[in-house]
Amino acid sequence: MILVTGGAGFIGQPIVTQLLDAGHEVRILDLLHPAAHDGLPEGLDPRAELVIGDVRDADTVDRVLEGVDHVCHQAAMVGLGLDIDDIADYVGHNDLGTAVLLRGLARRNFTGRFVQASSMVVYGEGRYRCADHGLVTPPARAVADLDAGRFEPGCPVCGRPLTPESIPEDAALDPRNVYAATKLHQEHLATAFSRETGVPVTSLRYHNVYGPGMPKDTPYAGVASIFRSALAAGRAPKVFEDGGQRRDFVHVRDVARANVLALTAEEPVPGAFNVCSGTPRTVGEMARALWAAMGADGGSAAAGGGGGEAGALAADLEPVVTGDYRLGDVRHVFASAVRAADVLGFTAGEDFDAGMAEFATARLRGA
Ligand SMILES: NC(=O)c1ccc[n+]([C@@H]2O[C@H](COP(=O)([O-])OP(=O)(O)OC[C@H]3O[C@@H](n4cnc5c(N)ncnc54)[C@H](O)[C@@H]3O)[C@@H](O)[C@H]2O)c1
Ligand SMILES: [Zn+2]
């Protein structure tokens, strides 16, 4: 039996389905958090046992751990948060929830695998190299530069342009908001638990996850969902800066498969892994790929989102690069897929264009 916390969520659902397809028994523990769900979500795999309950509650955790061989911990409050008022909720669901779960496992002398969802947000800014000064950490971009449309950070020593590089797992960690701090703390808690108990723990640092079932444009949703929702509503996606920000967009089915691999690999795969496609894209490229896919299939996209005239869709909705910016956004952040490939045997398999085409018309949660 494999326990999937947060198994009713965007990423949890395909994990559950892939585990069931591989012949495992699955129990879901999910609170159906009102920020994520409006009642029982569509598409829950009926083959899984569903326990509606809170991972922060010790009695619930003890009950759901009965007969469990491995644990896949996805439950969390997700997103950036709207303001500091959310701080206690994030820490409660993410840090305390993980702590209660780990204590429950220790009390039961658990000897299986513990795999949990971490995030690229633990890195903060991306990695940059100066031709003369090597790896450098550029300071936060100045408002004057951003106002002038100078979006690329410069070398802190010589000011010359930097080349962004993919981030390996051993890069410096620099969580920059409450959510990011909780995801890193989850990693640290699990590592401490592992040291005490000998249980191997794996933290999977997902990059920008997209795909069917993604929440629609709540304040917590990712940029792919926001663009997708704009297109469906008959609005052109607004691309910030000059659209050249690089990210790694990874399909939710690939993320689910990475979890299945970590849970079922013959030898445990402890430590942190980037879960990414390994091919960075710009935000502008992603907006255009979605737009192209919706234009090509305008009829069903409009039907799905209640948007405008199918025929007019493509021309009117071409993504607009606004030059606007949000202070605190990072310019480039994308990951090295090497460790996941070498140690976990994970390589993303979903094609970007096909994935975006599917996403353009797929069901969104809350739509
Ligand atoms: N979506 C992304 O791009 C992304 C990127 C990096 C990491 N992650 C991580 O992946 C995991 C899954 O995220 P998601 O995108 O599927 O979000 P989601 O909101 O769809 O799923 C999270 C699930 O956890 C449940 N949950 C929240 N608090 C709970 C609690 N106290 N007890 C039990 N269940 C609880 C929610 O009801 C929800 O079903 C999270 O840990 C998140 O931090 C997501
Ligand atoms: Zn330099």
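None of these values were measured; they are calculated from a predicted model.

Let us now look at the overall build of the chain. When helices and strands are tallied, the chain shows 12 helices and 16 strands. Against the 2.2 N^0.38 benchmark of 21 Å for 367 residues, the chain shows a C-alpha radius of gyration of 21 Å, consistent with a compact globule. Along the first, second and third principal axes, the C-alpha set of the chain runs to 60 × 55 × 40 Å. Buried residues in the chain amount to 50% of all 367 residues. A separation threshold of at least 6 residues defines the contact pool for the chain, and within that pool the share at least 24 residues apart is 81%. Accessible area for the chain stands at about 15,900 Å²; split by element, carbon and sulfur atoms hold 51% of it.

Here we come to the state of the cysteines. On inspection of all chains with the given rule, the structure shows 0 disulfides. Cysteine C72 remains unbridged, with the sulfur of C276 as its closest cysteine sulfur at 18 Å. Classification of C72 by relative accessible area gives buried; the value is 0%.

With that out of the way, let us pick up the packing of aromatic side chains. Using the criterion set out here, one finds 3 aromatic pairs in the structure. Seen from their ring centres, F114 and F193 are 6.3 Å apart, and the 55 degrees between their planes marks the pair as tilted. With F114 in strand β5 (residues 114–119) and F193 in helix α5 (residues 178–197), this residue pair connects regions lying 79 residues apart in the sequence. The exposure class assigned to F193 is buried, which follows from its relative accessible area of 7%. When the ring centre of F273 is taken as reference, the NZ or CZ atom of R339 above it lies at 4.1 Å.

Turning our eyes to something else, we now look at the nonpolar core. Ranked by internal contacts, the top residues of the largest apolar core, which has 56 residues, are Y206 and M356. Sorting elements by how many residues they give to this core places helix α8 (residues 283–296) first, with 8 residues. Sequence-distant contacts of M356, defined by excluding residues within four places in its chain, comprise Y210, F249, M286, A289, L290 and A293. Counting residues in hydrophobic clusters, the runner-up holds 21 residues, among them V51, V71, A75 and V201.

Parameters at a glance
Residues numbered from 1 in each chain as written. Chains lettered and ligands numbered in written order. Predicted model: local features only at pLDDT ≥ 70, side-chain atom pairs only at ≥ 80, totals over all residues. Heavy atoms only, no water. Helix = DSSP H or I, 4+ residues; strand = E, 2+ residues; numbered from the N terminus. Rg over C-alpha atoms; globule rule 2.2 N^0.38 Å. Buried < 20%, exposed > 50% of the residue type's maximum accessible area, 1.4 Å probe, protein only. Contact = heavy atoms within 4.5 Å. Areas by Shrake-Rupley, 256 points an atom, 1.4 Å probe, with all protein chains shown as cover. Disulfide = S-S within 2.5 Å. Phe/Tyr/Trp six-rings, centres within 6.5 Å; stacked < 30°, edge-to-face > 60°. Lys NZ or Arg CZ within 6 Å of the ring centre and 35° of its normal. Core = buried A, V, L, I, M, F, W, Y, C linked by side-chain atoms within 4.5 Å.

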